[in-house]
Amino acid sequence: MIPRVLSGIQPSGNLHIGNYLGALGNWVKIQHQYESIFCIVDLHAITVYQKPEELRSKIREIAGIFVAAGIDPEHSRIVVQSTVPAHAELAWLLTCVTPMGWLERMTQFKAKAAAQESIGDGLFQYPVLMAADILLYQANVVPVGEDQMQHLELARDIAQRFNSLYGDTFTMPATKLPSVGARIMGLDDPTAKMSKSASGSGHAVALLDPPDRIKKTIMRATTDSNPGVDFETMGPGVANLLAIFQAFSGWTDDAMRTNFSGMRYGDLKKQVAEMTISCLEPMQKRYQEITADPEYLDGILQRGADVVTPIANATVKLVKERMGIYTPAR
Ligand code: AQP
């Protein structure tokens, strides 16, 4: 059987180069080795308040970006999470086997909760919904950025606990991280992860930013007090710029050292900006073409839901049977 890959992105803001280098770009590279399912996880996005109109348009925008970036809709399924109700149903079933202590340890919950005035229960339950997304499809591989590793570990713990309570039911999903770019940091603050929901114009490069804005953001990036690039003593800002360049270019470590050692920061930033723009421009052009025909995207999302719903429903049925929940004979 062909192994299955699953991953997702929240429509919670503008997709940025961290989302691309940590996740989307790798999905594109590996999609044909697997049976591939890529989700726009709108039920995750609402764990913090989203303006309804913005959320609606972000879902479509992200679907367009997936295709523009190279997700092949003839091969891979692009699914809006809420169009497959089994995600929410399995999440509840798994909530009932997940100890609260496991969720209390999640660092992303602590960080996001600290930024909220009032913390919705959904934010606390978020990792269980993510486990449900993955286990619903018995995914073998989950390609994500480094910030999602703890949630993946939890998904495995939940699967293991369910399997030991109710018998072998779930496949253990493996985490797949990119070798470079697994954690792109904020350009304004290289000690914090680049994030969709962070504010500030100098923080992130969005995938749909025009070239002049990309250049401006990168040229303003925080560096350090060294006179130029020193691979032994560089600070996190310079390391981040080099990681962005390397992840986009695919250059080896040796090539990076040869090209950048001693380079002044102004020149480094220029090269990073040029590389970023040249990698994003074709995607941006394709995005304009794709979104000119809204029916094209609707068709892709409908097909995605149609293909994955029977897989998802079969898992929920099995889980309910295992747990002893009423399942009609037919
Ligand atoms: N800075 C990053 N570097 C590398 N990978 C990243 N990812 C996110 N930020 C970086 C990866 O992108 C995928 C989708 O992320 P998500 O939408 O599920 O939410 P997130 O991880 O919480 O990402 P953001 O951008 O910080 O969004 P908000 O601000 O809405 O929470 C994941 O695979 C993630 O690892």
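Preceding this paragraph is the structure being described.
First things first, this report covers the structure right here in the doc. (Residues numbered from 1 in each chain as written. Predicted model: local features only at pLDDT ≥ 70, side-chain atom pairs only at ≥ 80, totals over all residues. Heavy atoms only, no water.)

### Let's talk about the environment of Asn 240
Then, number 1: The residue Asn 240 is located in helix H10 (residues 236-249) in this model.
Then, number 2: For Asn 240, a relative accessible area of 4% puts it in the buried group.
Then, number 3: The spacing of Asn 240 and Thr 222 is 18 residues in sequence and 9.7 Å in space, taken between C-alpha atoms.
Then, number 4: In this structure Asn 240 touches Arg 183, Ile 184, Met 185, Gly 186 and Leu 187, once residues within four positions along its chain are discounted. (Helix = DSSP H or I, 4+ residues; strand = E, 2+ residues; numbered from the N terminus. Buried < 20%, exposed > 50% of the residue type's maximum accessible area, 1.4 Å probe, protein only. Contact = heavy atoms within 4.5 Å.)

### Details of the site of the ligand
Then, number 1: Lining the immediate environment of the ligand, one finds 25 residues, of which Ser 12, Lys 112, Asp 147, Lys 196 and Ser 197 sit closest.
Then, number 2: With respect to the ligand, the backbone of Gln 10 contributes an N or O atom lying 2.9 Å from an oxygen atom.
Then, number 3: Within the side chain of Ser 12, one N or O atom sits 2.5 Å away from an oxygen atom of the ligand.
Then, number 4: Given that more than half its atoms are within 2 Å of the pocket grid, the ligand belongs to the largest pocket.
Then, number 5: Elements that contribute at least two residues to the shell around the ligand include exactly strand E1 (4-9), helix H1 (17-30) and helix H6 (107-114).
Then, number 6: Residue contributions to the shell around the ligand peak at four residues, all from H1.
Then, number 7: Of the residues that constitute the shell around the ligand, the class distribution is seven nonpolar, 13 polar and five charged. (Near = heavy atom within 4 Å. Polar contact = N/O pair within 3.5 Å; in protein donor to acceptor, adjacent residues only side chain to side chain. 1 Å grid on protein atoms, 1.4 Å probe; cavity = no way out; pocket = protein on both sides within 12 Å on 5 of 7 lines; lining within 4 Å. Sits in = over half its atoms within 2 Å of the grid points. Nonpolar A, V, L, I, M, F, W, Y, C, P; charged D, E, K, R; others polar.)

### Structural notes on the nonpolar core
Then, number 1: Residues Leu 24, Ile 40, Phe 66, Leu 207, Val 229, Phe 260 and Leu 268 are the most contacted members of the largest nonpolar core, which totals 62 residues.
Then, number 2: The element contributing the most residues to this core is helix H12 (residues 265-291), with 10 residues.
Then, number 3: Excluding its chain neighbours within four sequence positions, the residues that come into contact with Leu 268 are Val 229, Val 238, Leu 241, Leu 242, Phe 260 and Met 263.
Then, number 4: Phe 109, Ala 131, Leu 154 and Ala 155 belong to the second largest nonpolar core, which has 44 residues in total. (Core = buried A, V, L, I, M, F, W, Y, C linked by side-chain atoms within 4.5 Å.)

### Digging into the packing of aromatic side chains
Then, number 1: Here the structure, examined in full by the defined rule, presents nine aromatic pairs.
Then, number 2: Centre to centre, the rings of Trp 27 and Phe 38 are 4.7 Å apart; their planes meet at 5°, and the pair counts as stacked. Within this pair, whereas Trp 27 is found in helix H1, its partner Phe 38 is found in strand E2 (residues 35-40), the two being separated by 11 residues in sequence. The two residues Trp 27 and Phe 38 agree in class, both being buried.
Then, number 3: Ring centres of Trp 251 and Phe 260 lie 6.1 Å apart, and the angle between their planes is 35°; on these two criteria the pair is classed as tilted.
Then, number 4: Of the residues examined, Trp 251 reaches a relative accessible area of 31% and is grouped as partly exposed. (Phe/Tyr/Trp six-rings, centres within 6.5 Å; stacked < 30°, edge-to-face > 60°.)

### Describing helix H13 (residues 294-323)
Then, number 1: End to end, H13 covers 42 Å across 30 residues, agreeing with the expected 44 Å (1.5 Å per residue, within 8%).
Then, number 2: When the local axis directions of H13 are compared, the greatest deviation, roughly 35°, occurs at Val 308, which is followed within four positions by the proline Pro 310.
Then, number 3: The complete set of buried residues in H13 reads Leu 297, Ile 300, Leu 301, Gly 304, Ala 305, Val 308, Ala 312, Thr 315, Val 316 and Val 319.
Then, number 4: Backbone geometry just after H13 places Gly 324 at a positive phi near 90°. (Expected span 1.5 Å × (residues − 1). Bend = angle between axes of the 7 residues up to and from the residue.)

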